[in-house]
Amino acid sequence: MKFDELALSDSRAKPDLVAGIIQIEKGNYLDFIVDRPEGMKGYMLQLTTFGHGKVFDGKQFFSVKRGQLVLFPPNTLQHYYRQSECQYWHYKWIYFHPKPQWLKWLNWTNCRENIGRIAINEMLSFQEISQLFSKIAQESESNDLLNKEMSSGLLEYLLMKCISVENIKEVSQIDSRILKVCDLILENLSQNWSVEYFANQVFLSESRLSHLFKQSLGIGLIQWREQQRISEAKKLLYFSSLPVHKIAKSLGYEDSLYFSKIFKKHTALSPSQFRVGELSGEIKM
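Starting from 1, residues in each chain are numbered consecutively following that chain's sequence as written. The predicted nature of this model means local features are confined to residues of pLDDT at least 70 and side-chain atom pairs, given and counted, to a pLDDT of 80 or more, with totals for whole chains, interfaces and linings taken over all residues. Side-chain numbers come from the whole structure's heavy atoms, not from hydrogens or water.

(A) Spatial organisation of the nonpolar core. Counting residues in each nonpolar core, the largest one holds 60 residues, and the members touching the most others are Leu-69, Phe-96, Leu-158 and Leu-209. For every domain, the bounds stem from an assignment made automatically or drawn from a database. Here this core spans two domains, since at least three of its residues come from each of domain 1 (3-166) and domain 2 (176-279). Between two residues, a contact is recorded if the distance between any of their heavy atoms is within 4.5 Å. If we ignore the near neighbours within four places in the chain, the residues touching Leu-158 are Leu-45, Ile-94, Ile-129, Leu-132, Phe-133 and Ile-136. Within this scheme, the nonpolar core is defined by two criteria: the residues are buried Ala, Val, Leu, Ile, Met, Phe, Trp, Tyr or Cys, and they are joined through side-chain atoms within 4.5 Å. The classification of residues rests on relative accessible area computed with a 1.4 Å probe and restricted to protein chains. Under 20% of the type maximum is buried, over 50% is exposed, and intermediate values are partly exposed. Among the nonpolar cores identified, the runner-up in size contains 18 residues, and Met-40, Val-64, Phe-72 and Tyr-91 belong to it.

(B) Up close: the pattern of salt bridges. Any Lys or Arg side-chain nitrogen found within 4 Å of a carboxyl oxygen on Asp or Glu counts as a salt bridge. Taken as a whole and judged by the stated rule, the model has eight salt bridges. For the salt bridge of Glu-139 with Lys-135, the shortest nitrogen-to-oxygen distance reads 3.0 Å. Of the two residues, Glu-139 and Lys-135 are both situated in helix H2 (residues 123-140); the distance of four residues between them amounts to about one turn of the helix. A salt bridge links Arg-177 to Asp-175, with the shortest nitrogen-to-oxygen separation between them at 2.7 Å. Exposure remark for Asp-175: the relative accessible area of 23% places this residue in the partly exposed category. Where helices and strands are cited, they refer to DSSP runs of H or I of at least four residues and of E of at least two residues respectively, numbered from the N terminus.

(C) Representation of helix H4 (residues 176-187) in the model. Given the number of residues in a helix, its expected span is that number minus one, multiplied by 1.5 Å. Taking 1.5 Å of rise per residue, the 12 residues of H4 would be expected to cover 16 Å, and the 16 Å separating its terminal C-alpha atoms lies within 8% of that figure. On its buried face, H4 is in contact with helix H5 (195-201), helix H6 (206-217) and helix H7 (221-239).

(D) Summary view of the pairing of strand E9 (residues 115-119). The element E9 is largely enclosed, with a buried count of four among its five residues. Where strand E5 (residues 68-72) and E9 come together, four bridges link them in antiparallel fashion. Following the sheet pairing, Leu-69 is matched in E9 by Ile-118. Whether two strands pair comes down to DSSP finding at least two bridges between them. Here strand E8 (residues 111-112) runs beside E9; their pairing, made up of two bridges, is antiparallel. Looking at E9, one finds that Cys-111 is bridged to Gly-116. Where E8 folds back on E9, the antiparallel hairpin that results is connected by two residues, among which Glu-113 adopts a positive phi of roughly 50°.

(E) A look at the confidence of the model for the protein. Across the protein, the average pLDDT comes to 86, with 89% of residues at or above 70. Think of pLDDT as the predictor's per-residue confidence, scored from 0 to 100. Under a pLDDT of 50 for its full length, residues 7-14 has, in the predicted model, 21 contacts with residues more than four places off or in other chains.

(F) Quick peek at the packing of H2 against helix H3 (residues 145-165). Two elements in contact, H2 and H3, have axes whose closest approach is 9 Å; the angle formed by their N-to-C orientations is 160°. Taken together, H2 and H3 sit at an angle that is classed as roughly antiparallel. In this structure, the crossing between H2 and H3 has a hand that is left-handed. Side by side, H2 and H3 meet where Ser-125, Glu-128, Ile-129, Leu-132, Phe-133, Lys-135, Ile-136, Glu-139 and Ser-140 of the first sit next to Asn-147, Lys-148, Met-150, Ser-151, Leu-154, Leu-155, Tyr-157, Leu-158, Lys-161 and Val-165 of the second. Basically, the charged four are Asp, Glu, Lys and Arg, the nonpolar ten are Ala, Val, Leu, Ile, Met, Phe, Trp, Tyr, Cys and Pro, and anything else, Gly included, counts as polar. Its residues assigned to classes, the contact of H2 with H3 shows 10 nonpolar, four polar and five charged. Lines fitted to the C-alpha atoms define the axes, with helices restricted to the stretch that makes contact. Angles between their N-to-C directions range from 0 to 180 degrees. Geometric relationships in this document are graded by angle, where less than 35 degrees denotes roughly parallel, more than 145 denotes roughly antiparallel, 65 to 115 denotes roughly perpendicular, and other angles denote oblique. Crossings are classed by handedness, with left-handed meaning an anticlockwise turn of the near helix from the far one by less than a right angle and right-handed meaning a clockwise turn.

(G) Fine view of the packing of aromatic side chains. Here is the rule: rings of Phe, Tyr and Trp (six-membered ring for Trp) pair when centre to centre is within 6.5 Å. Planes less than 30 degrees apart are stacked, more than 60 are edge-to-face, and the remainder are tilted. On inspection of all chains with the given rule, the structure shows 17 aromatic pairs. Site record: aromatic cluster; members linked through ring pairs are Tyr-253, Tyr-258, Phe-259, Phe-263 and Phe-274. Just above the ring of Phe-62 sits the side chain of Arg-117; from NZ or CZ to the centre is 3.5 Å. By the criterion adopted, a ring carries a charge over it if an Arg CZ or a Lys NZ lies within 6 Å of its centre and within 35 degrees of its normal. The ring of Tyr-253 is capped by Arg-229, whose NZ or CZ atom sits 5.1 Å from the centre of that ring.

(H) Examining unusual backbone geometry more closely. Look at Asn-75: it is not a glycine, yet its phi comes out positive at around 60°. Position of Asn-75 relative to the elements: it lies in the loop between E5 and strand E6 (78-82). With a relative accessible area of 47%, Asn-75 lands in the partly exposed category.

(I) Quick look at the environment of Phe-259. Looking at the secondary structure, you find Phe-259 in helix H9 (residues 256-267). With 11 residues separating them along the chain, Phe-259 and Ala-248 place their C-alpha atoms 6.0 Å apart. Apart from residues lying up to four places away in sequence, Phe-259 is in contact with Ala-233, Val-244, Ile-247, Ala-248, Leu-251, Tyr-253 and Pro-271.

(J) Quick look at the layout of surface pockets. Residues are called lining when one of their atoms sits within 4 Å of a cavity or pocket point, these points coming from a 1 Å grid over the protein atoms alone, where a cavity is a set in which a 1.4 Å probe fits but cannot get out and a pocket is an open set with protein on both sides within 12 Å along at least five of seven lines. Grid points are joined across faces, edges and corners, and a volume is the space filled by probe spheres set on the points. When its volume is computed, the second largest pocket comes out at roughly 430 Å³. Forming the walls of the second largest pocket are 20 residues, and the residues nearest its centre are Tyr-43, Leu-106, Asn-107, Gln-215 and Ser-216. Element by element, the count of residues in the lining of the second largest pocket is highest for H6, at five residues. Of the residues that constitute the lining of the second largest pocket, the class distribution is 11 nonpolar, seven polar and two charged. Residue contributions to the lining of the second largest pocket reach at least three from each of two domains, namely domain 1 (3-166) and domain 2 (176-279).

Below, the structure written as structure tokens:
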């Protein structure tokens with residue numbers, strides 16, 4: 001996927017994971033300022049592999065060079081470009097929506113204005129992490145669902161490697177009540193339980209649960225449940241021959257037309273179009 005398509009995909013198809021490599025040279029078509037004042041809905045992880053870039057965190061600028069990782073959480077300012085004194089800036093990137101169990105790997109110690117930073121000083125670690133970025137990009141571009149699951153597993157490993165490079169002895173844990181809510185959702189995707197129901201299960205008020213959930217995952221509880229349902233719908237459309245209306249009902253949508261509308265909002269395709277495209281290998285998830 002081309003880099004300039006990422007913003008479009010974030011607002012339209014909302015992919016779980018997209019990755020790529022950017023090679024900026026002075027004056028080429030990629031040599032421009034990326035400016036997203038409101039950030040994006042998911043996380044953006046970057047690794048500089050060559051040259052120098054400049055990042056603005058909302059208060060001050062900082063430089064990035066070979067071996068430096070930068071993590072932009074959801075809804076965080078993204079403003080960066082090639083450093084003017086340098087002819088090149090090459091970096092690899094991954095845009096993703098994390099699984100709940102990954103969140104503990106996203107609490108980086110060196111974090112200013114919500115932007116995480118890690119410097120990889122050891123060559124072998126840099127090479128391994130750089131190769132993981134490339135492999136994730138390769139697998140995520142595949143039409144095959146298994147390859148996409150592999151890219152997700154590789155990303156989880158990459159996030160753990162980043163933490164190990166930072167030499168953190170104790171990793172901040174996500175609130176156990178939020179994890180419990182996530183588990184309840186994943187185990188009961190067909191249930192249309194309200195926020196009030198989940199709040200009662202973890203002994204929180206609705207407003208407190210909503211605040212903690214969005215703070216932890218960068219997205220509202222109901223929206224997160226919708227994402228998980230669409231992810232499961234993709235698997236059922238790919239692996240099973242169940243009719244669309246049965247898939248919809250199994251995921252809590254009594255109205256199959258409404259399900260199709262929600263599915264299209266996330267993928268830019270109807271369930272039927274998605275199924276035909278996947279079977280023919282013409283589209284990417």
